[in-house]
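Coordinate inspection notes
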Amino acid sequence: MSSDTPGGPGAHPDHATLDEGAAQDLLRGICFKTGPPRIVGVELEWLIHDQENPAVQVAQERLESAVAALRELPLSAALTFEPGGQLELSSQPAGSLMECVGTTAADLAAVRASLGRDGLAPVGLGVDPWQTPHRRLREPRYDAMEAALDRAGPSGRAMMCTSASVQVCLDAGEEEPGPLGYGRRWQLTHLLGAVLVAAFANSPFRQGRPTGWKSTRQALWADLDPVRTLAPGSGLPPREAWAAHVLDTTVMCVRREEGPWDVPEGLTFREWIRTGAPRPPVWADLDYHITTLFPPVRPRGHLELRMIDAQSGADGWLVPLAVATALYDDPEAAETVYRTVKPLAESAGSAPAPRNPLWTTAAREGLADPELRAAATVCFDTALTALDRMGADKAVRDTVAAFNDRYVARGRCPADDLLDSGVLTDPVRPTSFIGSTDDPHTGRVASA
């Protein structure tokens with residue numbers, strides 16, 4: 001959801017000094033805003049490709065012209081761009097799934113039409129299958145991020161410049177225990193998340209070659225930083241676990257009003273508070289630090305589900321949105337799915353997501369893994385029933401059902417179609433999926 005979503009970092013003087021106790025209290029207070037689940041949002045990232053020559057990098061001047069036209073559109077969602085030029089639409093908080101689908105679909109239609117006039121198209125793939133990382137945005141934030149992530153290897157630049165996702169945002173849940181309780185939802189999401197990785201894996205190629213992963217995007221995230229991309233360790237209640245994780249993760253950068261930002265090495269936020277060097281941190285620094293943490297699920301008052309590859313076709317994006325919303329917010333579905341994925345904890349082991357065996361298998365094999373396929377089958381069947389109860393319209397239910405029939409019921413994911421078809425490696429055929437409503441897995445026009 002857009003950055004002004006209620007439930008983000010709470011109201012406080014941004015430039016007030018910060019001590020360790022106040023930081024812990026703030027984190028425990030803002031990370032899980034509890035109450036009956038009712039709000040839903042989605043953040044959609046898209047690669048921008050030329051409609052006729054998608055394997056050729058779009059010239060900077062041409063992209064800037066298209067961006068200028070997009071900024072003139074009267075969109076409901078916030079429009080931003082990632083370092084490699086990927087487009088991102090962040091919906092406003094919606095009071096229902098159908099409201100979110102409706103406003104987002106209208107925004108996407110306007111975006112597709114505007115890009116189409118420039119011969120460009122938004123493409124839903126988890127990783128650009130052709131381009132090497134090339135940073136388009138030259139801003140202090142991204143200069144510092146690149147320098148910090150480079151310390152761990154090349155995956156950081158690849159993530160910044162060539163990846164795209166569907167991020168679903170849901171309320172944290174109720175204070176009380178039960179299927180909609182925030183503690184249950186937090187536990188659920190680190191097991192169900194692996195099922196979502198496997199079912200929606202859509203990035204088997206990078207720089208023109210198959211990588212051996214169904215979700216190369218997830219493999220990049222798991223590789224880019226030793227701690228920053230991990231879920232908090234187990235053993236503590238959710239609020240305490242997240243607060244400790246935030247304070248004990250290294251600071252990516254220290255912002256400056258002028259000049260390049262500092263990129264300290266090995267300085268945790270807790271140590272920054274205690275030492276006050278290179279300058280004492282303030283409340284705004286803690287808010288910013290949270291945005292530089294990239295776990296599979298990030299609590300920001302609401303829960304940000306960050307593990308899903310971008311999806312192809314005109315309406316592929318709404319499938320993970322609808323499925324996740326149904327499985328989390330319908331009480332009966334939440335209970336069924338919790339019982340379904342709880343046994344996956346044995347496969348996950350003690351290591352945090354995404355660097356445990358369960359998540360690694362999901363990213364590498366997709367639904368070819370029998371355990372993940374069985375769980376996904378129950379999850380999608382449960383979601384379809386829940387969507388009917390939640391009042392999702394026939395078009396949404398039919399779209400989810402079609403994805404289920406095409407992939408989940410057959411133990412497949414979108415990456416399998418890409419690998420089988422050869423459409424991304426055949427120099428003659430890649431244009432078959434770049435049109436604004438084309439389905440890249442078949443070359444056929446998808447339903448609007």
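Attention here is on the structure that accompanies the text. (Residues numbered from 1 in each chain as written. Predicted model: local features only at pLDDT ≥ 70, side-chain atom pairs only at ≥ 80, totals over all residues. Heavy atoms only, no water.)

1. Re the overall build of the protein
Let me state the cut-off plainly: Labels follow the DSSP assignment, with helices taken as runs of H or I lasting at least four residues and strands as runs of E lasting at least two, numbered in each case from the N terminus. Each radius of gyration reported is based on C-alpha atoms, and the globular scaling rule is 2.2 Å times the count of residues to the power 0.38. Each residue gets one of three labels from its accessible area relative to the maximum for its type: buried under 20%, exposed over 50%, partly exposed in between, using a 1.4 Å probe on protein chains only. We get accessible surface area from the Shrake-Rupley algorithm with a probe of 1.4 Å; when it comes to residues, only the shown protein chains can shield them. When charges are counted, neither His nor the chain ends are considered; positive counts come from Lys and Arg and negative counts from Asp and Glu. In plain terms, the charge of a residue is placed at NZ if it is Lys, CZ if Arg, CG if Asp and CD if Glu.
Tallying secondary structure elements over the protein gives 17 helices and 9 strands in all. On C-alpha atoms alone, the protein measures out to a radius of gyration of 21 Å, which is about the 22 Å that the 2.2 N^0.38 rule sets for 448 residues. Overall size of the protein, expressed as C-alpha extent along the three principal axes, is 60 × 50 × 40 Å. Among the 448 residues that make up the protein, the fraction classed as buried is 58%. With the model as given, the accessible surface of the protein reaches about 17,100 Å², and the carbon-plus-sulfur share is 51%. Put simply, the protein has 42 plus and 59 minus side-chain charges, and the middle of one group is 3 Å from the middle of the other.

2. Some points on the packing of helix 2 (residues 60–70) against helix 3 (residues 97–117)
To characterise two packed helices, one gives the angle between the axes of the helices and the distance between these axes. Condition: Between N-to-C directions, angles cover 0 to 180 degrees, with each direction set by a line fitted to C-alpha atoms, over the stretch in contact for helices. Handedness of each helix crossing follows the sense of rotation of the near helix against the far helix: counterclockwise by less than a right angle gives left-handed, clockwise gives right-handed. In this description, contact between two residues means that some pair of their heavy atoms is separated by no more than 4.5 Å. Here the nonpolar group is Ala, Val, Leu, Ile, Met, Phe, Trp, Tyr, Cys and Pro; Asp, Glu, Lys and Arg are the charged ones; every other residue, Gly included, is treated as polar.
Orientation of helix 2 relative to helix 3, taken along the N-to-C sense of each, is 145°, at an axis distance of 10 Å. In the crossing of helix 2 with helix 3, the sense of the turn from one axis to the other is right-handed. Facing helix 2, whose interface residues are A66, A69 and L70, helix 3 presents V111, S114 and L115. Looking at the contact of helix 2 with helix 3, its residues break down into 5 nonpolar, 1 polar and no charged.

3. Side note on the pairing of strand 8 (residues 297–300)
The test is simple: One bridge is not enough; two strands pair if DSSP finds at least two bridges between them.
Covered by surrounding structure in strand 8 are V297 and P299 together with R298 and R300, the residues of both alternating faces. As paired elements, strand 8 and strand 9 (residues 302–309) share 4 bridges and run antiparallel to each other. The partner of R298 across the bridge, within strand 9, is E304. Between strand 8 and strand 9, which pair antiparallel one after the other, the connecting turn spans 1 residue, and G301 there sits at a positive phi close to 90°.

4. Brief notes about the packing of helix 6 (residues 182–199) against helix 14 (residues 357–365)
Operational definition: Just so you know how the angles are binned, under 35 degrees is roughly parallel, over 145 roughly antiparallel, 65 to 115 roughly perpendicular, and the rest oblique.
Packing of helix 6 against helix 14 leaves a shortest axis separation of 7 Å and a crossing angle of 15°. When the axes of helix 6 and helix 14 are compared, the pair comes out roughly parallel. Once helix 6 is placed against helix 14, the crossing between them reads as left-handed. In contact with T189, H190, L191, G193, A194, V197 and A198 of helix 6, helix 14 contributes L358, W359, A362 and A363. Residues of the contact of helix 6 with helix 14, tallied by class, amount to 8 nonpolar, 3 polar and no charged.

5. Some remarks on the layout of surface pockets
Using the following cut-off: Only protein atoms enter the calculation, which uses a 1 Å grid: trapped sets of points that fit a 1.4 Å probe without letting it out are cavities, open sets showing protein on both sides within 12 Å along at least five of seven lines are pockets, and any residue with an atom within 4 Å of a point is a lining residue. Grid points are joined across faces, edges and corners, and a volume is the space filled by probe spheres set on the points.
The space that makes up the second largest pocket amounts to roughly 480 Å³. Taken together, 23 residues line the second largest pocket, and the ones lying closest to its centre are Q187, H190, P232, G233 and S234. For the lining of the second largest pocket, the secondary-structure elements that each account for two or more residues are helix 6, helix 8 (238–248) and helix 13 (344–348). With 4 residues, the single largest contributor to the lining of the second largest pocket is helix 6. Tallied by class, residues from the lining of the second largest pocket come to 14 nonpolar, 8 polar and 1 charged.

6. Some points on the nonpolar core
Spelled out, the test is: For our purposes a nonpolar core is just a set of buried Ala, Val, Leu, Ile, Met, Phe, Trp, Tyr and Cys residues, chained together by side-chain atoms within 4.5 Å.
Of all hydrophobic cores here, the largest spans 103 residues; its most connected members are L87, L192, V195, W317, L321, V341 and F380. Broken down by element, the residue count for this core peaks at 11 residues, all from helix 6. Sequence-distant contacts of F380, defined by excluding residues within four places in its chain, comprise A199, F200, V319, V323, V400, F403, N404 and V408. The next biggest cluster of nonpolar side chains, apart from the first, holds 15 residues, and it includes M145, A148, C253 and Y288.

7. Digging into helix 15 (residues 370–390)
Basically, it comes down to this: The span you would expect from a helix comes to 1.5 Å times its residue count less one. Under the rule applied, a polar contact is a pair of N or O atoms within 3.5 Å (in protein, one hydrogen donor and one hydrogen acceptor; residues adjacent in sequence only if both atoms are side-chain atoms).
Between its first and last C-alpha atoms helix 15 spans 30 Å; for 21 residues at 1.5 Å apiece the expected length is 30 Å, and the two agree. All of the buried residues along helix 15 are L372, A375, A376, C379, F380, T382, A383, A386 and L387. Measuring from the backbone nitrogen of E371 back to the side-chain oxygen at the start of helix 15 gives 3.3 Å, which picks out D369 as the cap. Just downstream of helix 15 lies G391, where phi reads positive at about 85°.

8. Thoughts on the pattern of salt bridges
Stated formally: Note on definitions: salt bridges are taken to be side-chain nitrogens of Lys or Arg within 4 Å of carboxyl oxygens of Asp or Glu.
Per the stated rule, a full pass over the model turns up 27 salt bridges. Ionic pairing is found between R135 and D143, a salt bridge with its closest N-O pair at 2.8 Å. Judged by its relative accessible area of 37%, D143 is partly exposed.

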